[in-house]
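# Coordinates in review
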Amino acid sequence: MSDPGARVRGVATEPLIHARGLVKRFGSFTAVDGIDVDVQPGEAFGFLGPNGAGKSSTMRMVGCVSPPTGGTLRILGMDPRRDGPAIRGRLGVCPQLDNLDPELTVRENLTTYARYFGIPRKVARQRADELLDFVQLTERAGSKVEPLSGGMKRRLTIARALVNEPEIVLLDEPTTGLDPQARHLVWERLFRLKQQGVTLVLTTHYMDEAEQLCDRLVVMDAGKIVAEGSPRELIERYSTREVVELRFTAESQEGFADKLAGIGERVEVLPDRILLYVEDGDAALAAVHERALTPASVLERRSSLEDVFLHLTGRTLVD
Amino acid sequence: MAAVFEFYLVSYRRVWRGSAMSSFVLPLLTMLGFGLGVGAYVEGGVDGAPYLDWMVPGLIASTALQVAVFESTWPVLSSFNWVRTYEGQAATPVRLDDILGGNLLFVMFRALTSIVAFLLVALAFGVLHSPWALATLPIGALLAFAVAAPTFAYSSSVTSDSFLALLFRFVVIPMSLFAGVFFPVESLPVGLRWLAYASPLWHGVDLSRAATLGVAPEWSVAGHLAYLSVWAVGGYLLARRQFAKRLVV
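Per an unreviewed UniProt entry, chain B is named Transport permease protein, and its organism is Phytohabitans aurantiacus. Database annotation for chain B, UniProt heading Sequence similarities (unreviewed entry): "Belongs to the ABC-2 integral membrane protein family."

The structure is reproduced here in structure tokens:
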């Protein structure tokens, strides 16, 4: 895999995460099937993919809680098989499902966790207060975790992941299940971390999240990496600049596909609408009207990472 | 390991008052119920000691066992499946032995606090015959470890908490009734006695009884300690294997 991050900076720093031919098997099932990844210092790196693509298995290997079945994996220049505890001491992990202690207070969740990293009690208390301020939970410091909202719990989990001042923060689906306000607040905090130079590695299946946060990302499908690049690069490579969505009133959209053939680079027929992948939406629409077709509704939009994602991993439901 | 133990202490601090109060309830009820009630029917006591004095050390060991098994069932299942405490700990520099060892230390701590409460009540009722009664503390701690470790292995293997209720119904309660707490094992039919002798509880009971009555145990002290240690070490190894299977995947 090429190494755009290092090239841009023009320095030959060793990547913080370096994987070659990384494999994870569970019995006969191959969850991760030989992936190559390099994450550079200060980068925000994303793993995208449908459920079961192997994102979480990859994150668990990077988090040194799951030994790789095959291939090379080096984190912070160390070998997870041998140096697990030393590496974990320099990572922050925000798991997919919160594992905060509901019986402890917000603050105690941070201070007890800090102790696992060997942080002295006094420093732990001080850092807990700073982090609660950072994630805007200072007012809830003394309350139990149980009654907190999903967004507050998520922010507390992120704060807990920062308690050891980690060099890499691993976030597994950081905003899944949150309402829009809560998601934006989490994004904003993560963006600030990134500005402070913390390396972020996240998995997501939200395309807007990837576009907001990731400098570079890989798309995974069935354990393999199927595309890699910046969000913009991926859109340029795998989609067109614009997309025109047409809805016809007729029972089936199918019949209109032939009549639209030749407009744009690709025509995709969905049960409720037809998508035209084009460079210029206005020109394409003019061509549609020229053919005397009158769709009931029209939407012109810019291509998004979602188009890339669906193109690469298909529209079939994976559960 | 200290950091993990500390976490459990911080959690316990939130409930310790209620927990300490209830630790005194069983001993008090026992003194009243058995001392004034049942004891009156047992003429001449057992082996030369009044029935209450003979039974209390057995109950101290039995309480240590019940507290230890309880703390090793639902809390362990929850730490895997519901709260997922272990998953959070495994993501830090803490090692598998720290996760398991820190939790087991807390189980022993809980068993010890229950024994202290029991000893205080027993002292007030004058049923302790020897300063050796203090030996019930290390005996109880060893017994707690010997039953908690294999219970950790069990709780981390089962998929639903209904299996935990089975453990109480078919193992803990029969053991508490027949392992020499309330009547001598020799009263059991010969064929069933070996079951009582095989249970870790009987070994804790015999040692505790010797300690509070200030007499020699029925079995050798070294034999008792060795037998309980086998349970402790074997149980720990099983639990460790099961924890590795669940946490390092």
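What follows picks up the thread again.
Next up on the list: empty space enclosed by the protein. Per the counting criterion, the structure on display carries 1 cavity of 30 Å³ or more. Considered as a void within the structure, the largest cavity measures approximately 90 Å³ in volume. Of all the secondary structure elements, the ones that give two or more residues to the lining of the largest cavity are α4 (106–116) of chain A together with α5 (85–90) of chain B. Per-element tally for the lining of the largest cavity: the top contributor is α4(A), with 4 residues. By residue class, the composition of the lining of the largest cavity is 4 nonpolar, 6 polar and 2 charged.

This paragraph deals with the UniProt feature "domain: ABC transmembrane type-2" (unreviewed entry) in chain B. As annotated by UniProt and renumbered to match this structure, "domain: ABC transmembrane type-2" (unreviewed entry) occupies residues 18–246 of chain B. In residues 18–246 of chain B, the share of helix is 76% and the share of strand is 0%. The end C-alpha atoms are 33 Å apart.

Time to look at unusual backbone geometry. Notably, A:Ala292 is not glycine yet its phi reads approximately 60°, a positive angle. As for its position among the elements, A:Ala292 is in the loop between α11 (281–290) and β13 (297–302). Positive phi, normally seen in glycine, also occurs at B:Arg84, with a value near 55°. Mapped onto the secondary structure, B:Arg84 falls in the loop between α4 (74–81) and α5. With relative accessibility at 13%, the residue B:Arg84 sits in the buried group.

All right, on to the UniProt feature "transmembrane region" (unreviewed entry) in chain B then. With numbering matched to this structure, UniProt assigns "transmembrane region" (unreviewed entry) to residues 21–42, 54–83, 104–126, 132–154, 166–185 and 221–239 of chain B. Its end C-alpha atoms 42 Å apart, residues 54–83 of chain B is made of 87% helix and 0% strand.

How each quantity is defined
- Residues numbered from 1 in each chain as written.
- Chains lettered and ligands numbered in written order.
- Predicted model: local features only at pLDDT ≥ 70, side-chain atom pairs only at ≥ 80, totals over all residues.
- Heavy atoms only, no water.
- UniProt positions renumbered as here; feature names shortened; annotations may be inferred.
- 1 Å grid on protein atoms, 1.4 Å probe; cavity = no way out; pocket = protein on both sides within 12 Å on 5 of 7 lines; lining within 4 Å.
- Points joined across faces, edges and corners; volume = space filled by probe spheres on them.
- Helix = DSSP H or I, 4+ residues; strand = E, 2+ residues; numbered from the N terminus.
- Nonpolar A, V, L, I, M, F, W, Y, C, P; charged D, E, K, R; others polar.
- Buried < 20%, exposed > 50% of the residue type's maximum accessible area, 1.4 Å probe, protein only.

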